[in-house]
Amino acid sequence: MATLARLQAWSAMIRQEYYFRNRVVDVFRKQEHDAAVKIQSWFRGCQIRAYIRYLHRVAIVVQKWWRGYLGRKHYRLIVELAYYTMKMNIYNAMAVRIQRRWRGYRIRKYCFDYFYLKEYLSAVRETNVTIREALEKFAEMKDREEKKADLEREEKERDYRARKMHYLLSTQQIPGIYNSPFRKEPDPWELRLQKAKPLTHRLPQVTPKGASHLSSWLACTSSRSFPRSDTLPPIDRKQCQGPFRNIAEVLQQRYKPLDPTLRVQEPISELKEAREEFRIQEWTKNIHENMFLPFSSYHKNKKYIPSMHLSSKHGPSSYGYRHFRDENPNKWICDKDFQTVLPAFDLFSKYGKLYSKAGQIL
């Protein structure tokens, strides 16, 4: 019990001594830890720096070998190119020498050879003579054809004049002007008038203007209602007794072509079609009736001239204008013109104004 009492008396002192010793140990432990960390950091730094220096030396060796390989390879290519160029220059020089010798030989033998040139000129001379003879024959043939054509033309003119002057032919009662009794022989024109036939004049067919598209309907009708006489009656037909006109004149008046009035010739809807065609032509020529203001202010002072069809005092046509070209001022947002968001290009604005002689913009 005494020992237990002593231990209980010393418990407070033991507790205080334990706390003091642990406190001193903790203080020294922190200092030792900091010192160990500093030593380790310094040693690791030295180790890392040594390793980096080793890597740098190794990299320098690798780069030195690689760059040496690339340099030798590039130098080898330069040497090969120089060798190829030198070889091609030698080949070109040899080729030029061979060509020079061959051209000199060819010029001396063929171009400036006296005998060859003489033979060539003689062949050219013979060819020229042959061509000239052929051309002369062709010219003579052309002259003969022209003279023949002129004679035929003159003969046709004489025949036409003889047919036209057939009324001057001599008869049994009255001699003609070409068959004078005071001449020993008749004139050649008298013989020509005897051979020629009289010239007959055809009556002109009168066709009314604008009735071409309506006259074709006569060919589709029956021959009973509209009898037509395509041929004239024979000459030896006896004329009717009494105060009657000639049969040909009566038939021409009876079966004359239709002469409709202007109202019948033109269709009923011609005015409407003409207006529609005029409107289409006017609209194809004037597509945009609104004034167009470009992005620059160059054309703003230029006066706009509208078309005559849409600027009349009666106003434009209502068809199509309301849907495509109508302007409603009540729907306008502002009175300003259209402006671009992006600025204009300086190069295009100076085009044709600030160009130097060398083709560069000043």
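Analysis parameters
Residues numbered from 1 in each chain as written. Predicted model: local features only at pLDDT ≥ 70, side-chain atom pairs only at ≥ 80, totals over all residues. Heavy atoms only, no water. Helix = DSSP H or I, 4+ residues; strand = E, 2+ residues; numbered from the N terminus. Buried < 20%, exposed > 50% of the residue type's maximum accessible area, 1.4 Å probe, protein only. Contact = heavy atoms within 4.5 Å. Phe/Tyr/Trp six-rings, centres within 6.5 Å; stacked < 30°, edge-to-face > 60°. Lys NZ or Arg CZ within 6 Å of the ring centre and 35° of its normal. Patch = residues over 30% accessible without salt bridge, like charges linked within 9 Å, V, L, I, M, F, W, Y side chains within 5 Å. Areas by Shrake-Rupley, 256 points an atom, 1.4 Å probe, with all protein chains shown as cover. Salt bridge = Lys/Arg side-chain N within 4 Å of Asp/Glu carboxyl O. pLDDT = per-residue confidence, 0-100. Core = buried A, V, L, I, M, F, W, Y, C linked by side-chain atoms within 4.5 Å. Polar contact = N/O pair within 3.5 Å; in protein donor to acceptor, adjacent residues only side chain to side chain. Arc of directions from axis to C-beta. Axes fitted to C-alpha atoms, helices over the stretch in contact; angles between N-to-C directions. Parallel < 35°, antiparallel > 145°, perpendicular 65-115°, else oblique. Nonpolar A, V, L, I, M, F, W, Y, C, P; charged D, E, K, R; others polar.

To continue, consider the overall build of the protein chain. The helix and strand tally for the protein chain stands at eight helices and zero strands. In the protein chain, the succession of helices and strands from N to C terminus is α-α-α-α-α-α-α-α. Every one of the 362 residues in the protein chain was classed for burial, and the buried ones make up 7%. Relative to all contacts within the protein chain whose residues are 6 or more apart in sequence, the contacts with residues 24 or more apart total 58%.

All right, on to the packing of aromatic side chains then. This structure, assessed with the given rule, holds three aromatic pairs. With 5.7 Å between their ring centres and 40° between their planes, W102 and Y105 make a pair best called tilted. You can see W102 and its partner Y105 sitting in helix α1 (residues 2–111), three residues apart, about one turn around the helix. Directly above the ring of W189 sits R192, whose terminal nitrogen or CZ lies 5.7 Å from the centroid.

Before going further, it helps to spend a moment on a nonpolar patch on the surface. On the surface, a nonpolar cluster with roughly 540 Å² of combined accessible area is contributed by Y110, Y116, L117, Y120, L121 and V124. Considering every element that reaches the nonpolar patch, the biggest residue donor is helix α2 (residues 114–164), with five residues.

With that out of the way, let us pick up the confidence of the model for the protein chain. Interpreting fine coordinate detail is not advised for predicted regions of low pLDDT. For the protein chain, mean pLDDT is 76; residues scoring 70 or higher make up 68% of the total. Mean pLDDT values for the elements of the protein chain range from 48 in helix α7 (residues 321–324) up to 91 in α2. Across residues 210–227, confidence stays below pLDDT 50; counting only partners more than four residues off in sequence or on other chains, it has 13 contacts. Counted against residues more than four places away or in other chains, residues 355–362, with its pLDDT under 50, gives ten contacts.

Moving on, we come to the nonpolar core. With seven residues, the main nonpolar core is built from A162, M165, L168, Y178, W189, L193 and A196. Here Y178 is in contact with M165, L168, P186, D187, W189, E190 and L193, once residues within four sequence places are set aside.

Another aspect to go through is the pattern of salt bridges. Using the criterion set out here, one finds seven salt bridges in the structure. Of the charged contacts in the structure, one is a salt bridge between R153 and D150, with a shortest N-O distance of 2.7 Å. Separated by three residues within a single helix, R153 and D150 lie in helix α2, roughly one turn from each other. Looking at R153, the relative accessible area reads 46%, which means it is partly exposed.

Turning next to the side chain of E190. If you trace the backbone, E190 turns up in helix α3 (residues 188–195). According to the relative accessible area criterion, E190 is buried, its value standing at 1%. For E190, the residues in contact, after removing those within four places along its chain, are L168, L169, S170, Y178 and N179.

The subject of this paragraph is the side chain of D187. Looking at the element boundaries, D187 is found in the loop between α2 and α3. Here W189 takes part through its backbone nitrogen, which lies 2.9 Å from a polar atom of the side chain of D187.

This part covers α3. For α3, the full list of buried residues reads W189, E190 and L193. The buried residues of α3 occupy an angular sector of 105° when projected down its axis, which confines them to one face. Exposed residues lying more than 90 degrees from the buried face of α3 are P188, Q194 and K195. Along its buried surface, α3 packs onto α2.

Bringing the packing of α2 against α3 into the picture now. Closest axis-to-axis distance for the α2/α3 pair is 9 Å, and the angle between their directions is 75°. As summarised for this structure, α2 and α3 are arranged roughly perpendicular, according to the angle between their axes. Every residue of α3 that contacts α2 at E155, R158, D159, R161 and A162 is listed here: W189, R192 and L193. For the contact of α2 with α3, a count of residues per class yields three nonpolar, no polar and five charged.

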